[in-house]
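Examination of the molecular architecture
The primary structure of each chain is shown beneath.
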Amino acid sequence: MFSFLSGLFSSDIGIDLGTANTLVGTRERGILFSEPSVVAISEIDGRNRVLAVGADAKRMLGRTPGNIRAIRPLRDGVIADFEVTQEMIRHFIRKVHNRRSFISPRVIICVPSGSTAVERRAIREAADSAGARRCQLVEESMAAAIGADLPVTEPVGCMIVDIGGGTTEVAVISLGGIVFADSTRVGGDKMDEAIVAYVRRNFNLLIGESSAERIKVEIGSACQPVSGEGASISVRGRDLMNGIPRELVMTERQVAEATFEPVNAIIEAVKLGLEHAPPELAADIVDRGIVLTGGGSLLRNLDTVLRDATGLPVLIADSPLESVALGTVRCLAEMKKLSPVLVNAE
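Residues numbered from 1 in each chain as written. Predicted model: local features only at pLDDT ≥ 70, side-chain atom pairs only at ≥ 80, totals over all residues. Heavy atoms only, no water.

A word on the side chain of E252. Here E252 shows up in helix α8 (residues 252-258). Beyond its immediate sequence surroundings of up to four residues, E252 is in contact with I219, S221, P225, E229, G230, A231 and R300. (Helix = DSSP H or I, 4+ residues; strand = E, 2+ residues; numbered from the N terminus. Contact = heavy atoms within 4.5 Å.)

Spelled out as structure tokens, the structure:
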């Protein structure tokens, strides 16, 4: 009887609405799933119809006929296509929300620190129109710090660097508030674009974003190997000279050269955050170090490069891919304690 009644009430939902992936969780069950932030749209008689969302849609990227578009509705951490984002949020809420429930779910969504009031209102309106009873927002850097188990409510300085698909969030946090935050629109996507540009410029070969991402994941490195060319990988694309498919072998050294600029931009963003940290909090950061979260933190040797550039300890969170989503779930579970970290969407 109790389980039947509990099924009639909604589960509050936490959403890490990322440029590359969207993670969804609930207070009761934790992280439920992670899906690519991709939507496939079919255009029939001038009307758009959603064909697939998430992993199914991502497999269509670069492989669709003229009447089907596979879209990534978020770019650089913000909504680039409002209607498609609304459909994506609606899909994820329905995937979690029990349709028999009397009450619509309360939703907490992460937003970049540098997002404008207009962008935040667009996210809130997308969630409202997707069926949320109430939508609240939390800044990504704060959610990442909470998910990484940093003492955000204590009077000590914590530095978090969340490297996502579209943005890198750098924040200094103390006493439940963000003392300094900076959102740089550099992340995993910029690394993929840099690899595509490098292959095109140096080898006259055009490869897709999916191939570039595979190269980054398998042999990507923030610094060049000490000796030799390092690991290698074969990649296929279209030869720009004669238009026929061709295969190329790339090395770890070449990938490190390709991603030098986005990696350097992340280093500069971290240095800027350290420059703006108040002296007492800077002293805490020297003791506690810098914590990395997000998928971009998994780039090989990035922690070593940051350690050499700053002279500070650099740690990778236990679950870097899930840290932001875990933070939103904890906000739901400890709403009374963590309510000050929520931001106004108005």
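Next comes the rest of the description.
Another aspect to go through is the layout of surface pockets. Of the volumes computed, that of the largest pocket is approximately 840 Å³. Residue lining of the largest pocket: 41 residues in total, with A20, N21, G165, G295 and L321 positioned closest to the centre. Elements represented by at least two residues in the lining of the largest pocket include exactly β1 (13-17), β2 (21-26), β3 (30-36), β11 (158-163), α6 (188-203) and α7 (209-219). When residues in the lining of the largest pocket are grouped by element, the largest group, five residues, is from α7. Partitioning the lining of the largest pocket into residue classes produces 14 nonpolar, 15 polar and twelve charged. The computed volume of the second largest pocket comes to approximately 350 Å³. Contributing to the lining of the second largest pocket are 13 residues, with L61, G62, G208, E209 and S210 lying nearest its centre. Those elements that provide at least two residues to the lining of the second largest pocket are α6 and α7. A total of four residues in the lining of the second largest pocket trace back to one element, the largest contributor, which is α7. (1 Å grid on protein atoms, 1.4 Å probe; cavity = no way out; pocket = protein on both sides within 12 Å on 5 of 7 lines; lining within 4 Å. Points joined across faces, edges and corners; volume = space filled by probe spheres on them. Nonpolar A, V, L, I, M, F, W, Y, C, P; charged D, E, K, R; others polar.)

Now for the packing of helix α3 (residues 82-96) against helix α4 (residues 117-129). Remark: α3 packs on α4, axes separated minimally by 8 Å, with the N-to-C direction vectors making an angle of 50 degrees. In terms of orientation, α3 lies oblique with respect to α4. For α3 against α4, the interelement crossing comes out right-handed. Residue-level contacts link F82, Q86, I89, R90 and I93 of α3 to A122, E125, A126, A127 and S129 of α4. Residue composition of the contact of α3 with α4, grouped by class: six nonpolar, two polar and two charged. (Axes fitted to C-alpha atoms, helices over the stretch in contact; angles between N-to-C directions. Parallel < 35°, antiparallel > 145°, perpendicular 65-115°, else oblique. Left-handed = near helix turned anticlockwise from the far one by under 90°.)

As enumerated under the stated definition, the model contains 19 salt bridges in all. Of the charged contacts, one joins E28 and R27 as a salt bridge, the two residues approaching to 3.7 Å between their closest N and O atoms. Of the residues examined, R27 reaches a relative accessible area of 38% and is grouped as partly exposed. R246 is paired through a salt bridge with D239; the nearest N and O atoms lie 2.7 Å apart. For D239, a relative accessible area of 8% gives the class buried. Through salt bridges with shared partners, a single ionic network connects D12, R27, E28 and R106. (Salt bridge = Lys/Arg side-chain N within 4 Å of Asp/Glu carboxyl O. Buried < 20%, exposed > 50% of the residue type's maximum accessible area, 1.4 Å probe, protein only.)

The next point concerns the packing of α6 against α7. It is the contact of α6 with α7, at a shortest axis distance of 9 Å, that shows an interaxial angle of 105 degrees. Classed by the angle they form, the pair α6 and α7 counts as roughly perpendicular. On α7, the residues that touch G188, M191, D192, I195 and V196 of α6 are A212, E213, I215 and K216. Residues that form the contact of α6 with α7 fall into these classes: five nonpolar, one polar and three charged.

A few words now on empty space enclosed by the protein. Within this structure, the stated rule accounts for one cavity of 30 Å³ or more. By volume, the largest cavity amounts to about 40 Å³. If you trace the largest cavity, you find it lined by R72, R75, D189, D192, E193 and E209. Here the element with the most residues in the lining of the largest cavity is α6; it accounts for three residues. Its residues assigned to classes, the lining of the largest cavity shows no nonpolar, no polar and six charged.

What the six strands build is an open sheet, ordered β3-β2-β1-β9-β10-β19; its pairing is mixed. Edge strands, defined here as strands with exactly one partner in the open sheet, are β3 and β19 (342-343). Judged from the six bridges that link them, strand β9 (residues 106-111) and strand β10 (residues 134-139) form a sheet pairing that is parallel. The residue of β10 that forms the bridge with I109 is L137. (Pairing = 2+ DSSP bridges.)

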